[in-house]
Amino acid sequence: MEPYNRSLKPFSRALRTRMTDAEQVLWHRLRRKQIQGVQFYRQKPLLSFIVDFYCPAAKLVIELDGSQHADENHQMQDAQRDAALADLGLHVLRFDNRQVLLETNAVLAAIDATISERKI
């Protein structure tokens, strides 16, 4: 099990009840081991972060970014977050919310390919 800040659990539970449209679309396609039979978790605490989706079998984190992530400060924070997760051996895939909503099959193909490369 990956390390996480236990105080984040209530926040992650709350986030699961308020998923964005893009998160709902992707979760519908990731849940119940629909991709290569691997388990995904949503709004999973890791270190001091709550990641959108996590697949332990592939050590894969999937982040869905809204328009605020185009801001330079958010990009710096995202890079630091990705580096901290990479230090745990995790690979981070980032997708724009719009991309998930309009190009769902392409997003799923990228996730599937990454799982194939990283599956333990």
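This text follows the structure it describes.
Computed from a prediction, not measured in an experiment: that's the story for all the values here. (Residues numbered from 1 in each chain as written. Predicted model: local features only at pLDDT ≥ 70, side-chain atom pairs only at ≥ 80, totals over all residues. Heavy atoms only, no water.)

A. Focus on helix α2 (residues 21–30). Restricting attention to buried positions, one finds in α2 the residues Ala22, Glu23, Leu26, Trp27 and Leu30. On an axial view of α2, the arc spanned by its buried residues comes to 125°, and they lie on one face. The exposed residues of α2 that point more than 90 degrees off its buried face are Asp21 and His28. In this fold, the buried residues of α2 make contact with β1 (41–46), β2 (49–55), β3 (60–65), α4 (97–102) and α5 (104–118). Remark: arginine 32 follows α2 within two positions and exhibits a positive phi of approximately 55°. (Buried < 20%, exposed > 50% of the residue type's maximum accessible area, 1.4 Å probe, protein only. Helix = DSSP H or I, 4+ residues; strand = E, 2+ residues; numbered from the N terminus. Arc of directions from axis to C-beta. Contact = heavy atoms within 4.5 Å.)

B. Seen up close, the packing of aromatic side chains. Enumeration according to the criterion identifies one aromatic pair in this entry. Between the aromatic rings of tryptophan 27 and phenylalanine 53, the centroid separation amounts to 6.0 Å while the plane-to-plane angle is 15°, which identifies the pairing as stacked. Separated by 26 residues along the polypeptide, tryptophan 27 in helix α2 and phenylalanine 53 in strand β2 bring together distant segments of the chain. A relative accessible area of 14% places tryptophan 27 in the buried class. We classify phenylalanine 53 as buried; its relative accessible area is 1%. Lying over the aromatic face of tyrosine 4, lysine 44 brings its terminal NZ or CZ to 5.7 Å of the ring centre. Over the aromatic face of tyrosine 41 sits the side chain of lysine 44, whose NZ or CZ is 5.6 Å from the ring centroid. (Phe/Tyr/Trp six-rings, centres within 6.5 Å; stacked < 30°, edge-to-face > 60°. Lys NZ or Arg CZ within 6 Å of the ring centre and 35° of its normal.)

C. Molecular detail of the pattern of salt bridges. Applying the stated criterion across every chain, the model contains five salt bridges. For aspartate 78, the salt bridge identified is with arginine 94, shortest N-O distance 3.6 Å. Of the two residues, aspartate 78 sits in helix α3 (residues 72–86) while arginine 94 sits in strand β4 (residues 91–96), which places them 16 residues apart along the sequence. Arginine 94 serves as the salt-bridge partner of aspartate 82, at 3.0 Å between the closest nitrogen and oxygen. Taken together, the positions of aspartate 82 in helix α3 and arginine 94 in strand β4 put the pair 12 residues apart, joining distant regions of the chain. Since its relative accessible area comes to 22%, aspartate 82 is described here as partly exposed. (Salt bridge = Lys/Arg side-chain N within 4 Å of Asp/Glu carboxyl O.)

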